[in-house]
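Next come the chains, spelled out residue by residue.
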Amino acid sequence: MILKIRLVQEQKGRRDVKEPDNDLVSIIRGQLKSAQKVLVISHQRPDGDAIGSLLAVGLALLSSGKEVQMVLKDGIPDNFGFLEGSELISTKPHGKIDYIIVVDSAEIERTDLELNYDVPDLNIDHHKTNTHFALINLVESEAVATAEIITRYLPDFGFDITQPIANALLTGIVTDTIGFRTTNVNPQVLRLVAELMEMGGNLAEIYHKTIVEQSLASARYWGAGLSKITMEDGLVWTTLSLKERQAAGYLARDDADLVKVLSAIEGAKIAVIFTEQTGGYVKISWRLCNTADSDLDVSEIAQKFGGGGHKAAAGADVKGKLDEVLIKVLEDTKISMNHIKETIEKIR
C-alpha cells in the first residue's frame, strides 16, 4: 500500500517533494470535515469503478451537508443510470471549489477536464501506474478496485455507508473484477461484498445491469467488431470505427465492453480492441484473457503508448489513423509477449 502526503514547493521551476510521517487517515478525515465546496472527478469514458467510486464519495459528502459537484467529462452511460445519485453527475464543474478529490484515475490528465487549480487535494486509486499527482495520495495497487479502498476507508473518514453508497461501491467492485473473475479476488474482498449487501446493496441487480445486460445499440456495435475478429499466436483483436458506432446508434465513446467477449476466446492470451475516436485518436484496450497467467502484464504494454492500468486490463489513447495505430500496437504487443516467453524459457 502506498499512503502518503506530498508537500509540494515550487523552486525555480522544479518540484521538491517531502514525505513526512503522519497519520494520514486522520489528516484526510480532518480535511473532509473542513471542506465545504467539494469537487469529485474521475477519468473520461468512465467504467463502473470510476462511476461507483465517484458516487460513493460524492453521496457521502452530500449526506454530511457539503456542497458537492460530481463531474465526469463524458457523463454517465445509460446502463449505470439505475444507481441512485447518478442524476447528479454533470459534465463540467462550475463556481468556487475549495477541495478536489480524484478517484480511479492514474493520471490527472485522464479526467480530460479543464480545471483552474495546480494540484488536486486527494487522489484515491488502485492502478499500479498511478503517478501520485495529488497533495495526498491513497493508492493501493493490490486492491481489486478503487471502490474496495473506499469501502474500507469511508467509515474511518467519518461517513456512514448508506444503501445508495453500498450499491455504488458494489458496482465498482463487481465491474472491475468482471463479476469476481479476476485472480486478485480474495476472501477479504468477498467479505467486504457481504458487508455491503448487509448494508442494503443489491448484488443481483448490479450484476445483471453491469455484467449481463446489454443495450440493443451496444449489441449492434458488438456485431461490427465481432465480424472482424482476428487471432494470431495467442493475440486476438478487432476494431471499431466511428462509422460503425454511428450506424449502431451507440452514443458512448468506448467499446461497449466488447473486450470482455474477446478475452473469453479459447486459446487467446491477450485481447486488444481498437476504438476510433474523434479528433484523430484511437482508444486501445488490452485485456489479459487468462487472468491466472501471471507472466503477462498488459499495463506495461499500455505504458509504452502513454497509457496505463492494471496487470489484467489496461488502456491508452494514441494519436493517429486507425489502421496505422493498429499495426504499431499489434507489433509492440507481440514483441512484449515473445520477450516474456523467451525470458521464462531461459529461467527454466
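First, a word on scope: everything that follows refers to the structure included in this document. All values reported here derive from a predicted model rather than from experimental measurement.

Moving on, we get to the overall build of the protein chain. The helix and strand inventory of the protein chain stands at 11 helices and 15 strands. Burial status across the protein chain gives 53% buried among its 348 residues. Relative to all contacts within the protein chain whose residues are 6 or more apart in sequence, the contacts with residues 24 or more apart total 62%. Working note: accessible area of the protein chain is about 16,400 Å², and carbon and sulfur atoms make up 49% of it.

So, about empty space enclosed by the protein. Within the structure shown, the criterion is met by 1 cavity of 30 Å³ or more. For the largest cavity, the full set of lining residues is Leu 32, Val 57, Leu 61, Ile 101, Leu 122, Ile 124, Leu 154, Phe 157 and Phe 159. Going through the elements one at a time, helix H2 (48–63) and strand E8 (122–125) are the ones with two or more residues in the lining of the largest cavity. Classifying every residue of the lining of the largest cavity by side-chain character gives 9 nonpolar, no polar and no charged.

As a further point, take the sheet that holds strand E12 (residues 270–276). Pairing is mixed in the open sheet, where 6 strands are placed in the order E10-E11-E12-E13-E15-E14. Edge positions in the open sheet fall to strand E10 (230–232) and strand E14 (308–309), since each of these has one partner strand only. Both E10 and strand E11 (residues 235–240) contribute to a ladder of 3 bridges, which runs antiparallel. Bridge pairing in E11 links Thr 230 to Trp 237. Docked against the sheet, helix H7 (residues 216–226) engages E11 and E12, running at close to 125° with respect to E11.

It is worth spelling out the environment of Arg 110 at this point. The topology assignment puts Arg 110 in the loop between strand E7 (99–103) and E8. In the structure, Arg 110 is positioned 67 residues away from His 43 in sequence and 5.0 Å away in space, judged by C-alpha atoms. Excluding residues within four positions of it along the chain, Arg 110 makes contact with His 43, Gln 44 and Ser 105.

Okay, the nonpolar core next. One recurring pattern in soluble globular proteins: nonpolar side chains tend to sit buried together. With 51 residues, the main nonpolar core has Val 40, Leu 61 and Ile 101 as its most contacted residues. Take this core: its biggest share by element is 8 residues, from H2. Beyond its immediate chain neighbours, meaning those up to four positions away, Leu 61 contacts Leu 32, Val 38, Val 40, Lys 66, Val 68, Ile 101 and Phe 159. Counting 24 residues, the second largest nonpolar core, distinct from the first, contains Leu 235, Val 282, Leu 288 and Val 329.

Another point: unusual backbone geometry. Trans is the common state for peptide bonds, and a negative phi is the common state for residues other than glycine. Phi is positive for Arg 45, which is not a glycine, with a value near 45°. Following the sequence through the fold, Arg 45 ends up in the loop between strand E4 (37–41) and H2. One non-glycine residue with positive phi stands out, namely Ile 178, at about 50°. For Ile 178, the position within the fold is in the loop between helix H4 (163–176) and helix H5 (187–198).

To continue, consider the pattern of salt bridges. According to the stated counting rule, one finds 12 salt bridges in the structure shown. The salt bridge involving Glu 148 is made with Arg 152; its shortest N-O contact spans 3.5 Å. Here Arg 152 and Glu 148 lie together in helix H3 (residues 146–153), a separation of 4 residues that amounts to about one turn. Accessibility expressed as a relative area gives 4% for Glu 148, which makes it buried. When the shortest N-O distance is used, the salt bridge between Lys 209 and Glu 213 registers 3.7 Å. Judged by its relative accessible area of 34%, Glu 213 falls in the partly exposed class.

Attention now goes to H5. When the terminal C-alpha atoms of H5 are compared, their 16 Å separation across 12 residues agrees well with the 16 Å that a helix rising 1.5 Å per residue should span. Close packing links the buried residues of H5 with H3, H4 and helix H6 (203–212). Among the residues of H5, the N-terminal cap falls to Asn 186, whose side-chain oxygen and the backbone nitrogen of Gln 188 are separated by 3.1 Å. Residue Gly 200 follows H5 closely and has a positive phi angle near 110°.

Take the packing of H2 against H4 next. Helix packing for two helices is described by the angle between their axes and how far apart those axes are. In contact at an axis separation of 7 Å, H2 and H4 are set at 160° when each is read in the N-to-C sense. Regarding the angle of H2 to H4, the classification is roughly antiparallel. Note that H2 runs across H4; the crossing there is left-handed. Taken together, the residues of H4 that come into contact with H2 (itself represented by Gly 48, Asp 49, Gly 52, Leu 55, Ala 56, Leu 59 and Ala 60) are Pro 164, Ile 165, Ala 168, Leu 169, Thr 171, Gly 172, Thr 175 and Asp 176.

Enumeration over the complete set of coordinates arrives at 3 aromatic pairs. A ring pair is formed by Tyr 153 and Phe 157, whose centres lie 5.9 Å apart and whose planes are at 20°; its orientation type is stacked. Here Tyr 153 falls in the buried class, since its relative accessible area comes to 10%. Their ring planes at 20° and their centres at 5.0 Å tell us that Tyr 221 and Tyr 250 sit as a pair that is stacked. Taken together, the residues span a long stretch of sequence, with Tyr 221 in helix H7 and Tyr 250 in the loop between helix H8 (242–248) and helix H9 (259–262) at a distance of 29 residues. By relative accessible area, Tyr 221 is classed as buried at 0%. Judged by relative accessible area, Tyr 250 falls into the buried class, the value being 14%.

Thresholds applied
Per-chain numbering applies: the sequence of each chain, read as written, is numbered from 1 onward. Residues qualify for local features only when their pLDDT is at least 70, as the model is predicted, and side-chain atom pairs are given and counted only at 80 or more; totals for whole chains, interfaces and linings, by contrast, use all residues. Side-chain numbers here rest on the full set of heavy atoms in the structure, without hydrogens or water. In this text, helices come from DSSP runs of H or I with a minimum length of four residues, and strands from runs of E with a minimum of two, each type numbered from the N-terminal end. Relative accessibility decides the category of a residue: with a 1.4 Å probe and only protein chains considered, values under 20% of the type maximum give buried, values over 50% give exposed, and everything between is partly exposed. A contact between two residues is defined here by any heavy atoms of the two lying within 4.5 Å. Per-residue and other accessible areas were derived by the Shrake-Rupley procedure at a 1.4 Å probe size, with only the shown protein chains allowed to occlude residues. Cavities and pockets were defined on a 1 Å grid built over protein atoms only: a cavity is a set of grid points that admits a 1.4 Å probe from which the probe cannot escape, a pocket is an open set flanked by protein on both sides within 12 Å along at least five of seven lines, and lining residues are those with an atom within 4 Å of any such point. Grid points are joined across faces, edges and corners, and a volume is the space filled by probe spheres set on the points. The nonpolar class holds Ala, Val, Leu, Ile, Met, Phe, Trp, Tyr, Cys and Pro. Asp, Glu, Lys and Arg form the charged class, and all remaining residues, Gly among them, are polar. Should DSSP find at least two bridges between two strands, the strands are taken to pair. Lines fitted to C-alpha atoms define the axes here, with helix axes fitted over just the stretch in contact, and angles between the N-to-C directions of these axes take values from 0 to 180 degrees. Put simply, a nonpolar core is a bunch of buried Ala, Val, Leu, Ile, Met, Phe, Trp, Tyr and Cys residues held in one set by side-chain atoms that sit within 4.5 Å of each other. For this document, the term salt bridge refers to a Lys or Arg side-chain nitrogen within 4 Å of an Asp or Glu carboxyl oxygen. Here, expected helix span is obtained from the residue count minus one, scaled by 1.5 Å. Under the rule applied, a polar contact is a pair of N or O atoms within 3.5 Å (in protein, one hydrogen donor and one hydrogen acceptor; residues adjacent in sequence only if both atoms are side-chain atoms). Each angle receives one of four descriptions, namely roughly parallel if under 35 degrees, roughly antiparallel if over 145, roughly perpendicular if within 65 to 115, and oblique otherwise. Handedness of a crossing follows from how the near helix is turned relative to the far one, being left-handed for an anticlockwise turn of less than a right angle and right-handed for a clockwise one. Aromatic rings from Phe, Tyr and Trp, with only the six-membered ring used for Trp, were paired whenever their centres fell within 6.5 Å, and each pair was classed as stacked if the ring planes differed by under 30 degrees, edge-to-face if by over 60, and tilted otherwise.

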